[in-house]
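Analysis of the macromolecular model
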Amino acid sequence: QDSDQKVFAAFLLVMSNVSYGASYVFYNAYLPVLCEAHESMAGTSRASQTWRKARLALEEVVSNIGFMAGYAGGLFMTVLNIIVTAAIVLTNKDMDPTIRSSYAARVNIMFAGLWWFTGSIVSLKGLKDRPGPPLPAGQNVITAAWKRGNFGSYHISPHIQLCMCKAAV
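Reference entry: report on the structure contained in this document.

Basis of the calculations
- Residues numbered from 1 in each chain as written.
- Predicted model: local features only at pLDDT ≥ 70, side-chain atom pairs only at ≥ 80, totals over all residues.
- Heavy atoms only, no water.
- Patch = residues over 30% accessible without salt bridge, like charges linked within 9 Å, V, L, I, M, F, W, Y side chains within 5 Å.
- Areas by Shrake-Rupley, 256 points an atom, 1.4 Å probe, with all protein chains shown as cover.
- Salt bridge = Lys/Arg side-chain N within 4 Å of Asp/Glu carboxyl O.
- Helix = DSSP H or I, 4+ residues; strand = E, 2+ residues; numbered from the N terminus.
- Buried < 20%, exposed > 50% of the residue type's maximum accessible area, 1.4 Å probe, protein only.
- Phe/Tyr/Trp six-rings, centres within 6.5 Å; stacked < 30°, edge-to-face > 60°.
- Expected span 1.5 Å × (residues − 1).
- Contact = heavy atoms within 4.5 Å.

Turning next to a nonpolar patch on the surface. Taken together, the side chains of Phe8, Phe11, Leu12 and Met15 define a hydrophobic patch exposed on the protein surface, amounting to about 400 Å² of accessible area. With respect to the helices, strands and loops of the structure, Met15 is situated in helix H1 (residues 2–36). Residue class for Met15 comes out partly exposed when judged on its relative accessible area of 37%.

Spelled out as C-alpha cells, the structure:
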C-alpha cells in the first residue's frame, strides 16, 4: 500500500517536471509566432534589419506582459490559498491538527490543479492553428512530435556517454 503510493507520487513528480519543461518549450516556440502575427508587424519586409529589431522588441514586451500576468495569477492563487487555509483551520478546531493541516494542503493542491487546468483550457482555446507546412498524412501534432523526438534520440544514441555525464552534473 505505502510503496504503491510512493511509486505513484514519483510518477506524478516526473510528469509534473516534464510538463513544466514542456510549457517553456511551448512558450518559447509560440512567442515568435504571436509576435510575427501582431498588427504592428504588418507591412514591413521580413528581410529588413528594422523588422528583426521591431520583432525582438515586441517579443520582449509580449514576454514581459505574459510573465507579469503569470506572477499576478500566482499572487492571486497565494492569497486564495491563504484564505482557504485560514478558513479550514478556523472552522475545524475540533479536528486533529495533523489531519487539519493535511486536509488544508490537499485542498490547496486541488485549487492549484484546477487553476492550471482552467488556464490551459483558456490558452489552448484562444490559440490559433500553427502556421507552417502541413503535417504528413495520417499524423497529428502529437504523433509528428513523437516521431521527430525519436529521430533525435536515434542521432544522440552514439553519444550516450556524453548524455550520462551531463545528467550526472
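Back to the text.
Right, let's talk about the packing of aromatic side chains for a bit. This structure, assessed with the given rule, holds one aromatic pair. Residues Phe76 and Trp115 carry aromatic rings whose centres are separated by 5.6 Å and whose planes lie at 35° to one another, so their mutual orientation is tilted. Of this pair, Phe76 sits in helix H2 (residues 49–91) while Trp115 sits in helix H3 (residues 97–126); the two residues are 39 residues apart in sequence, bridging distant segments of the chain.

Taking 1.5 Å per residue, 43 residues should reach 63 Å; H2 reaches 63 Å between its end C-alpha atoms and fits that length. Looking at H2, one finds that the buried residues are Trp51, Arg55, Leu58, Glu59, Ser63, Gly73, Met77, Asn81, Val84 and Ile88. Packing partners of the buried residues in H2 comprise H1 and H3.

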